[in-house]
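So the chains spell out like this:
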Amino acid sequence: MGLSVICVKTVLRIMYKTTDDKLFVGRGVYTFMVFAAFAVYFLLITGTVPRGFNLRMGDASFPLFYLLCSVMFVAVLVAGHRRNFVNAAGLGRGAARGGVRAAICVLPMFIYMFLAGSCSRQDSVLFLFNTAFVAAFFEEFIFRGFLLGQLFRYCRWGFVPASLAAALFFGVGHVFQGGDAVSAFFAALVTALGSVFFGWLYVESRYNLWFVVFLHVLMNLVWTLFSASVNGVVGSLVPNLFRLLVMAAAVATVVVCKKRSGQPYAVSRHTLWRNRQC
């Protein structure tokens, strides 16, 4: 038992590069809490526990499920940050500014889809609401604001391991969108890459989750509302070109804001593998 404690403490010292017992033990405990809460959510959302559980976008229980899960995540944030837990999740400021910037970025994609696609009349209002708003908001809150944000910002993980951890689970969670093994693989790959991208946007937006939330909401809304693609999340060539255009506009927005404010980039060679800027 004593040897096990020594091994754990040694690993934590190497990981967090500190000799302060309270500091590295505190970060280690908080890391465990983050992963424990996320593990419970992931087992529920994938239907592993309870076995056979199937959450559907068109059901009224979909937002209720996420609200119940959020209680668990908020409890962890409150335990780690007390009254500052809203800011720790990236939701404390910048909602209006983030919404405007996201709308500008998505506008070219909306115009193309409106002109080239056809409005989907088969999906119910509840399905559109769950897909565009509920799924997008809670995915950003859980995968970026909670998992990536806490690991990178507070647990001092590097951006590479923190973003890959979030991307892995995010991609696996979208395997169901593929009709066969090949499409399921590409669905997981596309969403995993999207997770890394959204994670970078969140970190470089000074941990303002609202810009990423609105970007995700609007992209989901356009993608679902207009039937310009028949290949699900992967999409066809031209819609994906406009998707890339939206991403380029989002990156340009971050770059311009960085230049105006004079703020350094949070993701650099000093923060790739371990966050030394916290």
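Turning our attention to the packing of aromatic side chains. Applying the stated criterion across every chain, the model contains 26 aromatic pairs. Relative to Trp157, the ring of Phe35 lies with its centre 5.6 Å away and its plane at 40°, an arrangement referred to as tilted. Taken together, the residues span a long stretch of sequence, with Phe35 in helix α2 (residues 21-45) and Trp157 in the loop between α6 (125-154) and α7 (159-172) at a distance of 122 residues. Since its relative accessible area comes to 18%, Trp157 is described here as buried. Note on Tyr41 and Phe65: the rings are 6.5 Å apart at their centroids and 35° apart in plane angle, and the pair reads as tilted. Of the two residues, Tyr41 is situated in helix α2 and Phe65 in helix α3 (residues 61-81); the sequence distance between them amounts to 24 residues.

Each pair of packed helices gets described by two things: the angle between the helix axes and the distance between those axes. Contact geometry for helix α9 (residues 209-225) and helix α10 (residues 237-261): axes closest at 12 Å, N-to-C directions at 165°. Between α9 and α10, the angle is such that the two are roughly antiparallel. Relative to α10, α9 is oriented so that their crossing is right-handed. Together, Phe211, Leu215, Met219 and Trp223 of α9 and Pro239, Asn240, Arg243, Val246, Ala250, Thr253 and Val254 of α10 make up the contact between the two elements.

Taken N-terminus to C-terminus, the directions of helix α5 (residues 95-116) and α9 make an angle of 25°; their axes are 8 Å apart at the nearest point. The angle between α5 and α9 falls in the class roughly parallel. In this structure, α5 meets α9 at a crossing whose hand is right-handed. In this structure, α5 uses Ala95, Gly98, Gly99, Arg101, Ala102, Ala103, Cys105, Val106, Met109, Phe110 and Met113 to contact α9, whose residues at the interface are Trp210, Phe211, Phe214, Leu215, Leu218, Met219, Val222 and Trp223. Across the contact of α5 with α9, the residue classes break down as 16 nonpolar, two polar and one charged.

Glancing now at the layout of surface pockets. Estimates place the volume of the second largest pocket at around 300 Å³. Along its surface, the second largest pocket is lined by 15 residues, and Arg97, Arg101, Ser205, Arg206 and Cys257 are the ones closest to its centre. Looking at the lining of the second largest pocket, the elements that each hand over two or more residues are α5 and α10. The element contributing the most residues to the lining of the second largest pocket is α10, with six residues. Per-class residue counts for the lining of the second largest pocket are three nonpolar, five polar and seven charged.

So, about the environment of Ala96. Looking at where Ala96 falls in the secondary structure, it is placed in helix α5. For Ala96, a relative accessible area of 62% corresponds to the exposed category.

This part is about the environment of Phe133. Checked against the element boundaries, Phe133 lands in helix α6. Along the sequence, Phe133 and Asn220 sit 87 residues apart, while their C-alpha atoms lie 8.1 Å from each other.

About the thresholds
- Residues numbered from 1 in each chain as written.
- Predicted model: local features only at pLDDT ≥ 70, side-chain atom pairs only at ≥ 80, totals over all residues.
- Heavy atoms only, no water.
- Phe/Tyr/Trp six-rings, centres within 6.5 Å; stacked < 30°, edge-to-face > 60°.
- Helix = DSSP H or I, 4+ residues; strand = E, 2+ residues; numbered from the N terminus.
- Buried < 20%, exposed > 50% of the residue type's maximum accessible area, 1.4 Å probe, protein only.
- Axes fitted to C-alpha atoms, helices over the stretch in contact; angles between N-to-C directions.
- Parallel < 35°, antiparallel > 145°, perpendicular 65-115°, else oblique.
- Left-handed = near helix turned anticlockwise from the far one by under 90°.
- Contact = heavy atoms within 4.5 Å.
- Nonpolar A, V, L, I, M, F, W, Y, C, P; charged D, E, K, R; others polar.
- 1 Å grid on protein atoms, 1.4 Å probe; cavity = no way out; pocket = protein on both sides within 12 Å on 5 of 7 lines; lining within 4 Å.
- Points joined across faces, edges and corners; volume = space filled by probe spheres on them.

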